[in-house]
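Working through the structure, step by step
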Amino acid sequence: MTDREGIRANAKYLREVRPIDPDEIYEYVDGSPHPAVVRQVLREEAVDLGLVERDDGTFVPAPECVVEPGWAPTAFPERYAHAFEEFLVEREGIDWHRGESGDRLRETIRRLKERYYRRQSVAYDDRVALGYGLYHLPDYYATVGYVLDTLAERGLVKTPLRVLDVGAGTGGPALGLHDFFPREALVDYHAVEPSAAADVLERLLGETGRNFHPTIHRTTIEALDLPGLVDDPGSGVSGGGFDLVVFSNVLSELDDPVAAVERSLDVLAPDGAVVALEPADLNTATALRTVEREVVSRTGATVYAPTLRLWPDAEPSDRGWSFDVRADLAVPSFQSRLDEAGDDPGAFTNPTVQFAYAVFRPDGTRRLAVRADPARHAKLADADRHVTRRVDLLAVKLSHDLTDDDDTNPVFKIGDGSESTGVFAVLTRETSLNEVLAGAPYGSVLSFEQALVLWNDDEGAYNLVVDDTTVVDFVG
Ligand SMILES: C[S@@+](CC[C@H](N)C(=O)[O-])C[C@H]1O[C@@H](n2cnc3c(N)ncnc32)[C@H](O)[C@@H]1O
């Protein structure tokens, strides 16, 4: 029997003094276990002891890092793509993309897309998990980092860190999280995944660095004893709860998504964040806003981003279809192989990165602390009163240009957190004084001066006309 307690005691003492070297401390432990055994025990105990392993094989106290923003992946990393393809080969054979196996995988992806589109439930058996990974590992790898960047911009992503990834699936978000944090950061990562997707996840987590400590809970979020996990001194999560909870493309699959977010807020550190992501399509993106609004009303949590409430005590009740779009990813070889072996070019490659998201914080922090000023700003809730008038207002840019042809005036969804009907800024004449509207990133707060409010009967929405009289400034 290894003297685990002896190793822990030595580590606890030495961590205050000098780097802990398994080649040194094995001699101080009862029975002198092999240094490799000591190393393994230190790895297993690293979260609890707050240690990270360095390249030279010694262990030191985990550094406290503030993670910098700047996530901009151009491709799903080759290392992960390779591991996933190896898994495909093991399960489906070397010619996994051809013949019957290729046909079955393509058919699985077709059916998955169809079921998501129709909002039907999906059962993730072995093959569905492979199909899901084939199509979605890259885009959901990228997405999670973009949302974390909104927190990192304000210095709010710190390590050591404990993460709960609900419905982790085949691991796109898990790998994105891993790559978002520095290699030397201590990350205690917990996945909740009840389906066969957990097998793919487990394999891909094998590619992560030694200071990223994964635990997979093969159960549902409803069945997982979250308070027990947080209270259990051996779980690594005790003493403060999770710093980050991620619901990536899972809320729409839960019977009671609001209750799940509520429960996750209960096990969140006071300065933690819950990140919810959904696909950009109308159904899932607007369902996310419904969840967001109910969570706010039931828990009092603050929406950190992107749909800032700029008026105290006001809440939006419009349809709320809002999503971000980021740079396409290079198509990984596993997608191009499957695509090229079929007869529907492009149906099995998925380079686009677009997503709806909401970040909640229990501590009241918002991405930008700014509020509208009743003495200066019109409230979008009162848009009706301002029709045909020019107004000044403060609003968040909540879409990229929604038009798809160059001859039409660019249109952007905006919101100030009070609107009950959609409001769209229409750029009818771009000048140096309003060009910020087109150029500002999704989620920016903008101030508008002298913008003309009109009612658009065709769309059942208000238009805010931005012309050569209008000034638009970037607030943050
Ligand atoms: C659309 S996939 C998303 C996977 C991953 N989060 C991503 O973004 O790629 C939804 C995942 O949620 C899991 N899931 C469904 N119901 C769940 C529940 N009640 N608790 C935990 N996970 C669940 C499914 O097994 C599936 O892997």
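All values reported here derive from a predicted model rather than from experimental measurement.

Brief notes about the site of the ligand
Neighbouring the ligand are 19 residues, the closest being Y132, G167, E193, E222 and S248. A distance of 2.8 Å is found between a nitrogen atom of the ligand and a side-chain nitrogen or oxygen belonging to E222. Split by residue class, the shell around the ligand holds 10 nonpolar, six polar and three charged.

Re the side chain of E85
Following the sequence through the fold, E85 ends up in helix 4 (residues 78-92). Here E85 falls in the buried class, since its relative accessible area comes to 12%. Within the local environment of E85, its side chain forms a polar contact with the side chain of S333, the two groups lying 3.3 Å apart. Non-local contacts of E85, meaning those with residues more than four positions away in its chain, are made with W96, S333, F334 and R337.

Here's the deal with the packing of aromatic side chains
Applying the stated criterion across every chain yields a total of 17 aromatic pairs. Summarising the aromatic geometry, the rings of F76 and F334 are spaced 6.1 Å apart at their centres and angled 85 degrees between planes, so their arrangement reads as edge-to-face. Here F76 is found in the loop between strand 3 (65-66) and helix 4, whereas its partner F334 is found in helix 12 (residues 333-340), with 258 residues between them in sequence. With a relative accessible area of 4%, F76 lands in the buried category. Aromatic side chains Y124 and Y132 sit 5.9 Å apart centroid to centroid with 85 degrees between the ring planes, which places their arrangement in the edge-to-face category. The residues Y124 and Y132 share a single accessibility class, namely buried.

Here we look at the nonpolar core
Of all hydrophobic cores here, the largest spans 70 residues; its most connected members are F84, L134, L177, F181 and Y189. Taken domain by domain, this core gets at least three of its residues from each of domain 2 (78-361) and domain 3 (380-474). Once you skip the residues sitting within four places of it in the chain, F181 turns out to touch V67, L148, V157, T159, L161 and V187. Counting 34 residues, the second largest nonpolar core, distinct from the first, contains V166, L229, L268 and V274.

Parameters at a glance
Residues numbered from 1 in each chain as written. Predicted model: local features only at pLDDT ≥ 70, side-chain atom pairs only at ≥ 80, totals over all residues. Heavy atoms only, no water. Near = heavy atom within 4 Å. Polar contact = N/O pair within 3.5 Å; in protein donor to acceptor, adjacent residues only side chain to side chain. Nonpolar A, V, L, I, M, F, W, Y, C, P; charged D, E, K, R; others polar. Helix = DSSP H or I, 4+ residues; strand = E, 2+ residues; numbered from the N terminus. Buried < 20%, exposed > 50% of the residue type's maximum accessible area, 1.4 Å probe, protein only. Contact = heavy atoms within 4.5 Å. Phe/Tyr/Trp six-rings, centres within 6.5 Å; stacked < 30°, edge-to-face > 60°. Core = buried A, V, L, I, M, F, W, Y, C linked by side-chain atoms within 4.5 Å. Domains from an automatic or database assignment.

So yeah, pure geometry; function would need other evidence.
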